[in-house]
Amino acid sequence: MSIKKTTIQIIGSGILQDDVLMVGESLLRKWKISAGHPVQLAFGSFRQEVTVISVPRYSGLRVGSVLARKMGLHANCDLRVTYSRGRRTLRVGPLISVLVSRDYPEQPDKPFGSITLFCRELVGECRRQGAYVYFFTPEHIGSQPGRVQGWVYDGGWKKTVMPAGDVVNNRLTSRKLENRTSVQHFMKEVKSQYGTTIFNEKFLDKNEVFDALKSNSSLRKYLPESHLLQTFAVFKKMCNQYPAVFLKPVRGSLGKGIMRINKQTDGTFSVLSTTAGTPRKQTYANVDKLYKSLAGKMKTTRFQLQQGLTLIDHGKRPVDFRALVQKNSSGTWTVTSIVARIAGGSHFVSNLARGGTLSTVKEALAKTTLPATVKSNGHTSLKTAALDIASGVEKEIPAHFAEFGIDLAIDSTGRIWLLEVNSKPSKNDNTPLNDQKTRPSVKKMIEYCCYSAGFK
């Protein structure tokens, strides 16, 4: 698919007034704009009335350096352009703002630490697709929602003042940062004042997701029994009903703070807890003493109590699956990748941060004792489940999402279960198992940004 891009050329200082826009005559004919008429020029939250001048035998736009600086443009570029006759508005873009947790200005070659290469990848893909991207942190948000400090890339990283984007991709990795008053105010204001699309605008907690999906009868088949841990009665019932149950912090990530509780044949209960090293094991004489041992943790952390499952394994190491589900260039949910994750060493969770390793779905299923039909249909079944769950979360939880990391499991009978939905999937767990210059996930993300901003 060829993408229609228009060259935006910056003219030197003093040659062109900052309220004048030079437009190629072929574009003026296409948009039915009369030379000398005023139009509104828009780039993200930037708006300015400009007078149009026709340029013979030219098919791009030319702006003066003063106007370009106001727009946040510092070099010639190729972008998409649309014109609305009803609103007399010429939109250049899309302008994409990526909100990241922190920057390191003292490291000009690596201002975003470990995600700098990912940010460069976004820059490259935006250039290919005719979009413009910059990066900012909560510290860059000032008193004017329509203007923020941001990092752009042009032969090197530079910090400059930018308009708010047509789209904001919220990649904050901290709930504390996301809940800052300045961040919440910014997101509210740009949506209401400029029609900015913000996606992945909030973290999900585990209990919120399971409670929301329980109301959808078609999705219940994927849900292990799950409760917010609030009473001893529910805790006791779950521990006695299932051979294993899991306690998960409802706002945890990377496998931190998860406990697996196993009921032993002698009536005692063993608890394995995730730690930086080998999982820590403790034994309790009965369920009452086990519950009392959790009292301190429950004062500071809310836990989800979840039915344990008998998962397929590799040499007694549990295997689960991470599906990266994204919206595409037409706003439809699609599966970008599914990888198998094998728990590392003595760990009982498969997160890469806990020593887990990646495998293809086909390889992981081939090493199990599942029936041949389950093995051959496994990838398709996981894909169907992931798409069903993504649509269900979007329907039941009032927020704008365009990307999910959905953790799924297959038990020893071949049944698929939902483990977790992550609205801020990490850049490690969902990386496809091949070496490409631009990851499909990055390509699809920019395609969706163009779609959601109205630059199809």
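Residues numbered from 1 in each chain as written. Predicted model: local features only at pLDDT ≥ 70, side-chain atom pairs only at ≥ 80, totals over all residues. Heavy atoms only, no water.

As recorded in an unreviewed UniProt entry, the chain goes by the name YheC/YheD family protein, listed as coming from Paenibacillus polymyxa.

A. View of the overall build of the chain. The secondary structure content of the chain amounts to 12 helices and 25 strands. Projected onto the principal axes, the alpha-carbon positions of the chain cover approximately 90 × 50 × 40 Å. Out of the 456 residues belonging to the chain, those deemed buried represent 55%. Considering only residue pairs separated by 6 or more positions, the chain has 67% of its internal contacts joining residues 24 or more positions apart. Approximately 20,700 Å² of the chain is accessible, and the part contributed by carbon and sulfur atoms is 49%. The positive charge centre, built from 67 side chains, and the negative charge centre, built from 35, are 1 Å apart in the chain. (Helix = DSSP H or I, 4+ residues; strand = E, 2+ residues; numbered from the N terminus. Buried < 20%, exposed > 50% of the residue type's maximum accessible area, 1.4 Å probe, protein only. Contact = heavy atoms within 4.5 Å. Areas by Shrake-Rupley, 256 points an atom, 1.4 Å probe, with all protein chains shown as cover. Lys, Arg positive; Asp, Glu negative; His and termini not counted. Charge placed at Lys NZ, Arg CZ, Asp CG, Glu CD.)

B. Focus on the sheet that holds strand E15 (residues 244-249). The six strands lie next to each other as E14-E19-E15-E16-E17-E18, forming an open sheet whose pairing is antiparallel. Two strands in the sheet have a free side with no partner beyond their single neighbour: strand E14 (226-228) and strand E18 (280-284). Across this sheet, the average inter-strand angle for adjacent strands is 20°, counted without regard to direction. Of the strand pairs in this sheet, E14 and strand E19 (residues 303-307) are connected by three bridges, and their pairing is antiparallel. Bridge pairing in E19 places His227 opposite Leu305. With respect to the sheet, helix H7 (residues 232-241) is in contact with E14, E15, strand E16 (259-263), strand E17 (269-273) and E19, its orientation differing from that of E19 by roughly 30°. (Pairing = 2+ DSSP bridges. Axes fitted to C-alpha atoms, helices over the stretch in contact; angles between N-to-C directions.)

C. Geometry of helix H12 (residues 440-452). With 13 residues, H12 extends 18 Å from end C-alpha to end C-alpha; this agrees with the ideal 18 Å at 1.5 Å per step. Residues Ser441, Val442, Lys444, Met445, Ile446, Glu447, Tyr448, Cys449 and Cys450 constitute the buried set of H12. (Expected span 1.5 Å × (residues − 1).)

D. Quick peek at unusual backbone geometry. Following Gly93, the chain continues to Pro94 via a peptide bond in cis, the omega torsion being 0°. Among the secondary structure elements, Pro94 is positioned in the loop between strand E7 (89-93) and strand E8 (95-99). Its identity as a non-glycine residue notwithstanding, Lys32 has a phi of 60°, on the positive side. Judged by relative accessible area, which is 59%, Lys32 ranks as exposed. Not every positive phi belongs to a glycine, and Arg88 is a case in point at roughly 50°.

E. Quick peek at the confidence of the model for the chain. Of the residues in the chain, 93% reach a pLDDT of 70 or more, and the chain-wide mean stands at 90. Low pLDDT (under 50) marks residues 350-354, which in the prediction has 22 contacts with non-local residues, meaning those over four places away or in another chain. Segment residues 428-434: pLDDT under 50, and 19 contacts once partners within four positions in sequence are set aside and those in other chains are kept. (pLDDT = per-residue confidence, 0-100.)

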